2 protein chains.
Amino acid sequence: VAARDPAAIDALITPLHPADIADLLEQVSDPVRAAWLRLWPSSIDGDVLSELYGDLREEVIGLLPDSVLQDAVRDLDSDDVVDLVEDLEDDQQEAILDVLAPSDRVAVEQALSFPEESAGRLMQREVVAAPEHWTVGEAIDYMRAHKRELPEQFYHLVLTDPRMKPVGYVTLGRIMSTARKTPLIELLEDSFRVIPATQHEDEVAYAFNQYHLISAPVVDDDGRLVGVITIDDAMNVLDDANEEDILRLAGVDEESSLNDRVIDTTKRRFPWLFVNLITAILASLVISQFEAAISQIVALAVLMPIVASMGGNAGTQSLTVAVRALATKDLTRSNLLRVVLREAGVGLINGLVFAVVMGVIGVLWFGSPMLGVVIAVAMVINLLVAGLAGILVPVILERLRVDPALASGAFVTTVTDVVGFFAFLGLAVVLLL
Amino acid sequence: VAARDPAAIDALITPLHPADIADLLEQVSDPVRAAWLRLWPSSIDGDVLSELYGDLREEVIGLLPDSVLQDAVRDLDSDDVVDLVEDLEDDQQEAILDVLAPSDRVAVEQALSFPEESAGRLMQREVVAAPEHWTVGEAIDYMRAHKRELPEQFYHLVLTDPRMKPVGYVTLGRIMSTARKTPLIELLEDSFRVIPATQHEDEVAYAFNQYHLISAPVVDDDGRLVGVITIDDAMNVLDDANEEDILRLAGVDEESSLNDRVIDTTKRRFPWLFVNLITAILASLVISQFEAAISQIVALAVLMPIVASMGGNAGTQSLTVAVRALATKDLTRSNLLRVVLREAGVGLINGLVFAVVMGVIGVLWFGSPMLGVVIAVAMVINLLVAGLAGILVPVILERLRVDPALASGAFVTTVTDVVGFFAFLGLAVVLLL
């Protein structure tokens, strides 16, 4: 690209998979990307656009000539077009819908009528279905006659009743290995599940993962077949949900990429740092209540961050396990009490072990047995509280319908900081002064 | 289960999916689980065993009568048996291998000969392949004739040359919708990729996710077809890898479940807390160098945790983004410099904003403009360092072949604590005393 040599770019790019081209586009610097799109826009087809993440996709669509954009969009399945246009500004969305064939446009607009992040947005409308009374031979003949209308990838034939309600599905492997006269209804798989079009995509991904589904028919409110979701779409959703959880646990919300502008990233990280500032100031207010004690025994100022830091870490461990268990539905009402007791037990045991370690260090470092006792007792209290807060805060947030991955960290850290400083400094006042 | 009524259990359990039965087994308390297995062992079939996580699976296998175990294992595909036995103790492994048919036993033992977490362990050996010169009709006739030997689920027919090297694959949908006399070689998909049996499963999962594969043939060192990996297995690996990353970032290594015994969980969380203790003590050593300053201005003790805490949080944000970008291969040599500069920019801007905020708070709270300057400058320094450490530490660990998710947190926190306390207290000594 640096040499501005279209032929060389052509030779380099053409053998690459669209996903790799998209990655390359994401990794090059802004001027290189602009030059690439200006000199060689036709290297960007619909599949490459699908692979780009949100912000960059908008940018690239804005830079592409209309003719290239039209070619790119026409090749895509309806679910990919929906994925492409749903996050775009209205005028860009309109521009893309305009170039679609009328029937495709209707399909995309219907999908867009379902709520964001619902199964209806995720599904593709191209679904291969057959009446429930058909035989293997009839199904094969039908597919041969309509091969142009079949989706690029499909794995099951959905059987429907006369009112278009799905009654089951048959794998292609089973159809192909069975004699032509066999009725399809005898080959039904027992893994069959239908997905309501309004179901949230996270629930869809959970079902695919839990029940090892490969594809599942989607139905509307009346139970009629409207589309199909395949495992690759579900896998993407699951991957995105996990990614979101990881970032949210670290206080990074909706960061889409390493390529966002510095100012956007700064803005996205700011709120969590601000929340952290509030919690840190709360902890400082606790410390300021004990200024007199600290000015008498400066060792307290040296040791107090240790108690708070250990509590914060133990709390983060518990809350991360809890947030994951909630996400995978392993933590439910039925085992909540046992899990809470378990976390309390873990906090208590680790608290006791570190109490001994820190008690000894306190005595050796500052030569004061009583200071050792203070830090030891404070350590037990804070690690026990950390374990309890780590499990209870996410559970309570989940009940309040707040995403526990997003908000738990701030609350748990506040609890462990405040309890840690208060227990340590308060005990010091009682036992040392 | 509480009422010890097998008929009632039967009625409750039978309609459930094996994955849900496994979840139920995981969520009930130990005595209930033991009673369930004693009263009604036949509710546990091979699919349920496959769904149980490691430790509990060993426990359940130990409690099941041999006859139930034998029935359970015989139903499974070879990849599921491998997954079932690979983590078992030698004697339990032997017991299960003994009940397999000789040909299955050979298949499982061959799979076990591949390294742990390799494609060879993940693949199933039941693969549907055809010579490259066959036509659609020949393939269908072959599958009808050998329907008993076909795997439960398959989506592609792999074409091989006479030396059993895969040359491409054809989707079942394409075969079914094409006239019988068409040669298969004309229907090849261009998404075709082969996977070496020794490739690490994380790389396999990356390839499936990046290239939207549904299944991919596995080849041995000589390039010969030895098995096939399907997307559901790859999805499991990806999900596990994400889960591991999330837990490791929080300092929780290899925690498999909420059901582990308290003592096991305590042991697993202990090492990270111990590492954290070391880093906290390092920070305390820095503070102890400034005891004289703190005893003169106690406000320093009150404010110093704020600087350290903000640095720790900003560092965690950067490192989490960096660890994820490394995992998804979005952070490479080619964009490293730009990403580092970007993180430095983000740290600098947020540092400046919070410097102003904290400077004002410092002045208002303690009435000392110079104290405001000290905390403001320390904040800028620490947030800048946090951004740089957050990106450089994971990158360096990755180069050293240490899992960045596991170790980055400790290093980054140490850096931000030490720099935070040193900058704040050091500046205070220079400017205030």
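First, a word on what this report is: a plain description of the structure on this page. (Residues numbered from 1 in each chain as written. Chains lettered and ligands numbered in written order. Predicted model: local features only at pLDDT ≥ 70, side-chain atom pairs only at ≥ 80, totals over all residues. Heavy atoms only, no water.)

Turning our eyes to something else, we now look at the overall build of chain A. A count of helices and strands for chain A gives 20 helices and 6 strands. Against the globule reference of 22 Å for 433 residues, chain A gives a C-alpha radius of gyration of 29 Å, more extended than a compact globule. Along the first, second and third principal axes, the C-alpha set of chain A runs to 90 × 60 × 35 Å. Counting across all 433 residues of chain A, residues that qualify as buried make up 56%. (Helix = DSSP H or I, 4+ residues; strand = E, 2+ residues; numbered from the N terminus. Rg over C-alpha atoms; globule rule 2.2 N^0.38 Å. Buried < 20%, exposed > 50% of the residue type's maximum accessible area, 1.4 Å probe, protein only.)

So, about the packing of helix H15 (residues 262-288) of chain B against helix H20 (residues 404-432) of chain B. All names here are of chain B. Where H15 meets H20, the closest approach of the two axes is 9 Å, and the angle between their N-to-C directions is 15 degrees. Relative to H20, the element H15 is oriented roughly parallel. For H15 against H20, the interelement crossing comes out right-handed. Along the contact surface, H15 presents Trp-272, Val-275, Thr-279, Leu-282, Ala-283, Val-286 and Ile-287, while H20 presents Leu-406, Gly-409, Ala-410, Thr-414, Asp-417, Val-418, Phe-421, Phe-422 and Leu-425. Across the contact of H15 with H20, the residue classes tally to 12 nonpolar, 3 polar and 1 charged. (Axes fitted to C-alpha atoms, helices over the stretch in contact; angles between N-to-C directions. Parallel < 35°, antiparallel > 145°, perpendicular 65-115°, else oblique. Left-handed = near helix turned anticlockwise from the far one by under 90°. Contact = heavy atoms within 4.5 Å. Nonpolar A, V, L, I, M, F, W, Y, C, P; charged D, E, K, R; others polar.)

This part is about the interface of chain A and chain B. The partner chain B presents 118 residues to the 119 residues of chain A that form the contact. Interface area, chain A with chain B, both sides summed: about 10400 Å², of which 63% is carbon and sulfur. On inspection of chain A and its partner chain B, the count reaches 4 salt bridges. Here Glu243(A) makes a salt bridge to Arg324(B), at a shortest N to O gap of 2.9 Å. Applying the counting criterion to the chain A and chain B interface returns 34 residue pairs in polar contact (both at pLDDT 80 or more). (Buried area = accessible area lost by both parts, 1.4 Å probe. Salt bridge = Lys/Arg side-chain N within 4 Å of Asp/Glu carboxyl O. Polar contact = N/O pair within 3.5 Å; in protein donor to acceptor, adjacent residues only side chain to side chain.)

Moving on, we come to the pairing of strand S5 (residues 215-219) of chain B. Residues and elements named next belong to chain B. Counting buried residues along S5, 5 of its 5 residues qualify, which places the element largely inside the surrounding structure. With 2 bridges joining them, strand S4 (residues 195-196) and S5 adopt parallel strand pairing. Bridge pairing links Ile-195 to Val-218 in S5. In terms of strand pairing, S5 meets strand S6 (residues 225-230) through 5 bridges, oriented antiparallel. (Pairing = 2+ DSSP bridges.)

This part is about the sheet that holds S4(B). Residues and elements named next belong to chain B. Read across the sheet, 3 strands follow the order S4-S5-S6 without closing on themselves; strand pairing throughout is mixed. The open sheet has two edge strands, S4 and S6, and neither has a second partner. Together, S4, S5 and S6 form the strand contacts of helix H13 (residues 201-211), whose direction differs from that of S6 by roughly 60 degrees.

Moving on, we come to the sheet that holds strand S1 (residues 129-131) of chain A. Strand pairing within a sheet occurs via backbone hydrogen bonds; the two strands may be parallel or antiparallel. Residues and elements named next belong to chain A. With mixed pairing, 3 strands are arranged side by side in an open sheet as S1-S2-S3. Each of the sheet's edge strands pairs with one partner strand only, and the pair in question is S1 and strand S3 (166-171). Strand-to-strand, the axes of this sheet are offset by a mean angle of 30 degrees, without reference to chain direction. Two elements, strand S2 (residues 156-160) and S3, share 5 bridges in a ladder whose sense is antiparallel. Bridge pairing in S3 places His-156 opposite Thr-171.

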